[in-house]
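Each chain, written out:
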Amino acid sequence: MSDPYPYPQYLTKEFAFQIELHWVVSDQAVEFDDELCMPVRNRAFMQSQAKHYFEVRATIPPDADEKLSFQAFDGFLEALRKGGEDPERLILWHAAMQEHLTPVDQPREKQNIGPYLKWRDTLHDWVRGSGKKSTRLPSNRFDAFIATYRDHVARPSQAFKQRVEASEEQWLAGKRTRWDDYLWDVYFVNQEAAPSLFFGLDMDVVYFRRWWRAHHDFLTAPEKETLFSDLTDHIQADDRGWFEFVDWNDVQPIDEAIDIDNIPDFDKLKRDW
């Protein structure tokens, strides 16, 4: 049977899902399912299996072989599979929200999110009108390009952030379900955070890559080269004192930095029923 989700295998996608499982199974996440569209058919069943997995994990000593932890997680995934869920799709859905995924054969120095963050932060600055504005692209082209980012990333991200902050305040004040009380006791109390802290950041990535998938050909190749020069100018002109700490290996052309070809597409993996 062919793989219905033919993406490369990544070193971090399963582990990223494993370490963020607590927010994935939270009731708070349900409040935001209009955006998250989690591909799960029976949340109550998933939560019961997650609780069993958390209880098994709690019995594993910190100095035990890490294989025991992975085996417990594999058991959780298999239970979902037997219950009619599609854990492979769920893992890829979550992977689509990550800032960076690293193929197994990538050298360690490339296992970072620096290139993505350089563009995200600079585009945010340009939208806000802070920092050095493009001096190479014609102003009409630059303004039109930035308008697409403002409409499809900055504004929806800000609206989602406002929803998250309102919900987070209530959640941390104790206005949460019995299930989320359990998650607070076993995990979030140590993080001093609500589940929304994590999926709020993840949705920023979704908006960003969704925008680039739709607008990656808005600029011509020469215009992208010009924009790359504008990026370096912006970094050098930054008055926040970061310039001296910049790793210039992280300053890459926009297509290479955002890397939509090697990251799963959220909109193809989200719930469609």
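Residues numbered from 1 in each chain as written. Predicted model: local features only at pLDDT ≥ 70, side-chain atom pairs only at ≥ 80, totals over all residues. Heavy atoms only, no water.

K.L.:
Sorry, what's going on with the overall build of the protein here?
P.N.:
Tallying secondary structure elements over the protein gives 14 helices and zero strands in all. Reading the secondary structure of the protein in the N-to-C direction produces α-α-α-α-α-α-α-α-α-α-α-α-α-α. Evaluated residue by residue, the protein yields a buried proportion of 45% over its 273 residues. Taking as baseline every contact in the protein between residues at least 6 positions apart, the subset at least 24 positions apart corresponds to 76%. For the protein, the exposed surface amounts to about 14,500 Å²; the carbon and sulfur share of it is 51%. (Helix = DSSP H or I, 4+ residues; strand = E, 2+ residues; numbered from the N terminus. Buried < 20%, exposed > 50% of the residue type's maximum accessible area, 1.4 Å probe, protein only. Contact = heavy atoms within 4.5 Å. Areas by Shrake-Rupley, 256 points an atom, 1.4 Å probe, with all protein chains shown as cover.)

K.L.:
What is the right way to read a nonpolar patch on the surface from this model?
P.N.:
A cluster of nonpolar side chains, F15, I19 and F70, forms an exposed patch at the surface whose accessible area comes to about 280 Å². Along the polypeptide, I19 turns up in helix α1 (residues 13-19). Its relative accessible area of 44% is what places I19 among the partly exposed residues. (Patch = residues over 30% accessible without salt bridge, like charges linked within 9 Å, V, L, I, M, F, W, Y side chains within 5 Å. Salt bridge = Lys/Arg side-chain N within 4 Å of Asp/Glu carboxyl O.)

K.L.:
What is the right way to read the packing of aromatic side chains from this model?
P.N.:
The description of an aromatic ring pair uses the distance of the two centres, along with the angle that the planes make with each other. Applying the stated criterion to the full structure yields 25 aromatic pairs. With a centroid separation of 5.7 Å and an interplanar angle of 80 degrees, the aromatic rings of W171 and F188 are classed as edge-to-face. Here W171, found in helix α9 (residues 139-172), pairs with F188, found in helix α10 (residues 178-191); they are 17 residues apart in sequence, far enough to count as distant. Accessibility assignment for this pair places W171 and F188 in one class, buried. Look at F188 and F198: their rings are 6.1 Å apart centre to centre, the planes differ by 50 degrees, and that puts the pair in the tilted class. Here F198 lies in helix α11 (residues 195-215) and F188 lies in helix α10, a separation of 10 residues in the sequence. (Phe/Tyr/Trp six-rings, centres within 6.5 Å; stacked < 30°, edge-to-face > 60°.)

K.L.:
Just checking my understanding: could you explain the confidence of the model for the protein for this structure?
P.N.:
Close inspection of predicted coordinates is inappropriate in any region flagged by low pLDDT. The share of residues in the protein with pLDDT of 70 or more is 86%, and the mean pLDDT across the chain is 87. Looking over the protein, one finds the lowest element-wise mean pLDDT in α1, namely 86, and the highest in helix α4 (residues 33-36), namely 98. Contacts for the low-pLDDT stretch residues 1-11, under 50 throughout, to residues beyond four places or in other chains number 23 contacts. (pLDDT = per-residue confidence, 0-100.)

K.L.:
I'm lost on unusual backbone geometry in this one. Help?
P.N.:
Phi is mostly negative for residues that are not glycine, and the peptide bonds are mostly trans. Although it is not a glycine, E192 sits at a positive phi angle of roughly 50 degrees. Turning to its location among the elements, E192 is positioned in the loop between α10 and α11. For D259, which is not a glycine, the phi torsion comes out positive at approximately 55 degrees. Assignment of secondary structure puts D259 in the loop between α13 (254-258) and α14 (266-269).

K.L.:
Looking at this structure, I do not really get the nonpolar core. What am I missing?
P.N.:
In summary, soluble globular proteins display a tendency toward joint burial of nonpolar side chains. Membership of the largest hydrophobic core comes to 68 residues, with the highest contact counts inside it found for W23, F76 and W93. Once you skip the residues sitting within four places of it in the chain, W23 turns out to touch A29, L36, M38, W93, H94, M97, F188, P195, F198, F199 and D202. (Core = buried A, V, L, I, M, F, W, Y, C linked by side-chain atoms within 4.5 Å.)

K.L.:
How should I be thinking about the layout of surface pockets in this particular structure?
P.N.:
To locate leftover empty space, one rolls a probe as large as a water molecule over the atoms. Each pocket or cavity is described by its volume, and for the largest pocket that value is around 510 Å³. S157, K161, G200, L201 and D204 are the residues nearest the centre of the largest pocket, which is lined by 25 residues in total. Sorting elements by how many residues they give to the lining of the largest pocket places α9 first, with 10 residues. Looking at side-chain class alone, the lining of the largest pocket contains 11 nonpolar, five polar and nine charged residues. (1 Å grid on protein atoms, 1.4 Å probe; cavity = no way out; pocket = protein on both sides within 12 Å on 5 of 7 lines; lining within 4 Å. Points joined across faces, edges and corners; volume = space filled by probe spheres on them. Nonpolar A, V, L, I, M, F, W, Y, C, P; charged D, E, K, R; others polar.)

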